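Structure assessment
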Amino acid sequence: MSTISELGTKVFPTWCPGCGNFGIWAAFKSAAASQGWDNTNTQITAGIGCHGHIVNFVKLNSFEGLHGRAIPVASGIKYANNKLNVFVFTGDGDCIGEGGNHFLHACRRNPNITVLLHNNNIYGLTTGQTSPTTSHGFKSKTTPFGNFDEPLSPVSLAISSGATFVARCYSNDIKKLTELMIAANNHPGMAIIDILQPCITYNNECTASFFKENIYDLPADYDPTNKVAAFQKSLEWGAKQIPVGLIYKENRPTAEQEFSENGDVSIVTNSLKTRDISELLAKLK
Amino acid sequence: MPKSKVSSIKIGGQAGQGVKTSGIYFSKIASRSGYNIYNYIEYPSLIKGGHNVIQTTFSVDDVFSQIKEVNFLIALDQNTIEVHKDELISGAGVLYENEGKIDASSVGDKCKLFPVPLHKIAQEVGGAEIVANTVAMGATVYLMGGNLQHLLDLIHEDFSKSKPELVTINQKAAQAGFDYAKTNFPDGFDKLLAQVANTTPKILLNGNESVGLGAIAAGLQFISMYPMSPVSNLLNFLAENQKKYGYIVKQVEDEISAINMSIGASYAGARSMTSTSGGGFCLMTEGYGLAGMTEVPLVIVEGMRGGPATGLPTWSEQGDLRFVLHASQGEFPRIVLAAGDAKEAFYLTMVAFNLSEKYQTPVVVLIDKNICDHDQTFQVFDYSAYQVNRGKLVLDKLDEYNRYALTSDGVSPRTVPGSGNYFITNSDEHDEEGFDSEEISHRNSQMSKRLSKLSTCAQVDMPKPLIFGPESADITIVSWGSTKGPILESLKNFNNVNYLHLNWISPFPVEQVKDILTKSKYLLDIECNSSAQLAGLIKEHTGIDILDRLLKNDGRPFYPEEISAKINSILNRQ
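Residues numbered from 1 in each chain as written. Chains lettered and ligands numbered in written order. Predicted model: local features only at pLDDT ≥ 70, side-chain atom pairs only at ≥ 80, totals over all residues. Heavy atoms only, no water.

This part takes up the interface of chain A and chain B. It is common to give the size of an interface as the accessible area that goes away when the parts come together. At the interface, 54 residues of chain A touch 74 residues of chain B. Here chain A and chain B share an interface that buries about 5,200 Å² over both sides, 60% of which is from carbon and sulfur atoms. Three residues, Arg275, Leu284 and Lys285 of chain A, lead the burial of chain A against chain B; their summed loss comes to 15% of the area buried on that side. Joining chain A to chain B, the criterion identifies five salt bridges. Between Glu279 of chain A and Lys244 of chain B there is a salt bridge, with the nearest N and O atoms lying 3.2 Å from each other. For the pair chain A and chain B, the interface holds 27 residue pairs in polar contact (both at pLDDT 80 or more). At the level of elements, strand 2 (62-64), helix 2 (70-80), helix 4 (100-109) and helix 9 (278-283) of chain A are the ones that each hand at least two residues to the side of chain A that touches chain B. If one sorts the elements of the side of chain A that touches chain B by residue count, helix 2 of chain A sits on top with seven residues. Across the side of chain A that touches chain B, the residue classes tally to 22 nonpolar, 20 polar and twelve charged. Both strand 2 of chain A and strand 17 (residues 424-426) of chain B contribute to a ladder of three bridges, which runs parallel. (Contact = heavy atoms within 4.5 Å. Buried area = accessible area lost by both parts, 1.4 Å probe. Salt bridge = Lys/Arg side-chain N within 4 Å of Asp/Glu carboxyl O. Polar contact = N/O pair within 3.5 Å; in protein donor to acceptor, adjacent residues only side chain to side chain. Helix = DSSP H or I, 4+ residues; strand = E, 2+ residues; numbered from the N terminus. Nonpolar A, V, L, I, M, F, W, Y, C, P; charged D, E, K, R; others polar. Pairing = 2+ DSSP bridges.)

Here we take up unusual backbone geometry. Cis geometry is found at the peptide bond from Ser229 of chain B to Pro230 of chain B, where omega equals 10°. Its location among the elements puts Pro230 of chain B in the loop between strand 8 (222-225) and helix 8 (232-245). A positive phi angle, near 70°, is found at Asn110 of chain A, a position not held by glycine. Along the chain, Asn110 of chain A turns up in the loop between helix 4 and strand 4 (114-119). For Glu295 of chain B, which is not glycine, the phi dihedral falls at a positive 65°. Position of Glu295 of chain B among the secondary structure elements: in the loop between helix 10 (278-294) and strand 11 (298-304).

With that out of the way, let us pick up the pattern of salt bridges. A pair can form between side chains of opposite charge whenever their charged atoms are brought close. Residue and element names in this part refer to chain B. Considering all chains together, one arrives at 33 salt bridges over all chains under this definition. For Lys449, the salt bridge is made with Glu295, and the minimal N-O distance between the two is 2.9 Å. One end of the pair, Lys449, is in helix 14 (residues 440-460); the other, Glu295, is in the loop between helix 10 and strand 11, and 154 residues separate them in sequence. Considered together, Lys449 and Glu295 belong to a single accessibility category, that of buried residues. With its nearest N and O atoms 2.6 Å apart, the salt bridge here joins Lys484 to Glu344. In this pair, Lys484 is assigned in helix 15 (residues 484-491) and Glu344 in helix 12 (residues 342-359), connecting sequence segments 140 residues apart. The same class applies to Lys484 and to Glu344, which are both buried. (Buried < 20%, exposed > 50% of the residue type's maximum accessible area, 1.4 Å probe, protein only.)

Distances and angles like these do not, on their own, reveal function.
And the structure:
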């Protein structure tokens, strides 16, 4: 169990002042402190992009791997030790671009991990190129005449691929984001939070004020268990038309349950010994 | 010592006619009768149709490879006669379907013909067309003076659990084939399957099975993999046995996921591996470097086939030696072992797991299609001396812990998430704790720490290279991988030729290789690639130029006859 200040490290974040990553960082530390996520029970993985620097700023065991590959690494960790809370920090380019195939297949496998998608609709670390979620017509360094491609919705993609907990939140709504992170971790299965975040340096469209003006909370009577309705909801985007909150939820066996009925897998042991294979050898005679 | 007779039988037909099953039956009958076996399989990349052939080479002495000459041919289709008639020696036997389906007249007078109504007999015993191959096997056992009981036992072992209704039909088919041959060809053929007295039971297996067995024995806990010829059967073998031995096998969406997931599992503390062929390893290369940079143990079994791109999917090549030595950007310790046959693949896989954990770096075990698919008999593997070595793995909470602490051997203590120890595992260059750092001092100290592991490994773990044949010789052959088999088979004909077999590629046994190669009058490099990759590596490490080379890259293995001819051409220079 650590306090919020104990969850800090020797390094202070290098993100631009005003970056949405600060909200995500604050919400995660707040959730961790309240839930007792510490180095006896929690693991974070990250991809490459501005989001990935977070491994340096949170004092929890972390694995910063390759661009787009955080989900397979997290899945491997979870298969090996299901006792851990496993979080994936990823970005729109990392998760939907470079790692799109892993995202789809993880959704259908349903590992009991939480994916925190830092979605700023732009490539920040490479200084301002379009991402898979950049809007049509957007002018960036690589699309000086306007983005020709249509954007992908991570929420639609997650629901249609079989994810079992799909939410959206605004990065600077720290209270709500904290609650959703806790709910996502408590959900037994693949949980995704599409976190809308402003990139104050390279995205002059999806700004803090844009998000503040256009997001709306799902009504209290919204039913997140209706998959078709949730998918329709995921297609909403535009003026005053960006729903936030828990959009879809279902219960399905987790990926780890393939190897243990109650999903309680921990193959980490210090007493690994040579196995006796004489029975298999005898079959070869 | 006089050389014992080496014989070979070839069974050919279309994919789906049970060619491989028949070959395995024949080789197990021969093995149980006291003979040593090497099976050679050719098949195209498709499921039905096409030409499939299996050749069993057998002898009371060790046999190491396929040979060119065929003593007995079983033709399940016309194509088999046409493709293989020129390989038949004078006096060879040919067994084939005689109900008008196959015309064997083109083999000429040199062969003894054994027409058998395979399909008619199959139908009479109540079996489907596929049983025709069992009829052929029963007839072959009679013709070669073999023990039918071995075949009946094999059928029982094969079907009694999975499809018991097929036991009786197949046993009847075998008996009927045996009886037909006895009635119609009472004199039989050469007694090539006569029971040898005092035999100890051996095992018959291929490289996919031996790598799987080695991994299970070595304590494998996790493998994620994407199927690819020629290592798909490794995935199948491990999947089948996972529950019994308590490890996890996960087929995933692609090779990139396969290597990253196995890195994740290894990082969390599971003994992990992945496997693929060259094309899949192309996709894995970034992950290969990730394991090197983050210092996560990982075993990668790379089964080579003809490249580049899709290349020759069901044929062999030794084209990836340089690739695995240099794959992925930048520099990190790459340990590369290369097995010469299924037995070496078993032991090297076990060694690879210990090396990967001891040095916290990826270890590649190179095999190839010939090793993956070709069955060979061996004495039952003895792995009693093996001890799992997990290196500097710490599961307890430590007072002070730095993941990338600088040490004299280059290896830092490794711990796992959940232990209570705080650490960052980082693909960015980092300081000793694991935090991102681009400082010159951190870059230099971490790079030299990682790279020093290879020299530590060379000093502590690398064995002397293997030499077969006399210590001093007129010709020293140098090679690696599955060319070992035909080289050893050829060596049976010479007493002045020896063979340096290299199965540790990185680190490389520089001094020993230099020492051995300077003793011989002639050096001959043999490889299944076009650029003599090993010869180049030897030149790089020792300065020695190997001028005589025997190379091929058509996907086919060397035959001992080709190697003997090359040796003779060099000896005749004197």
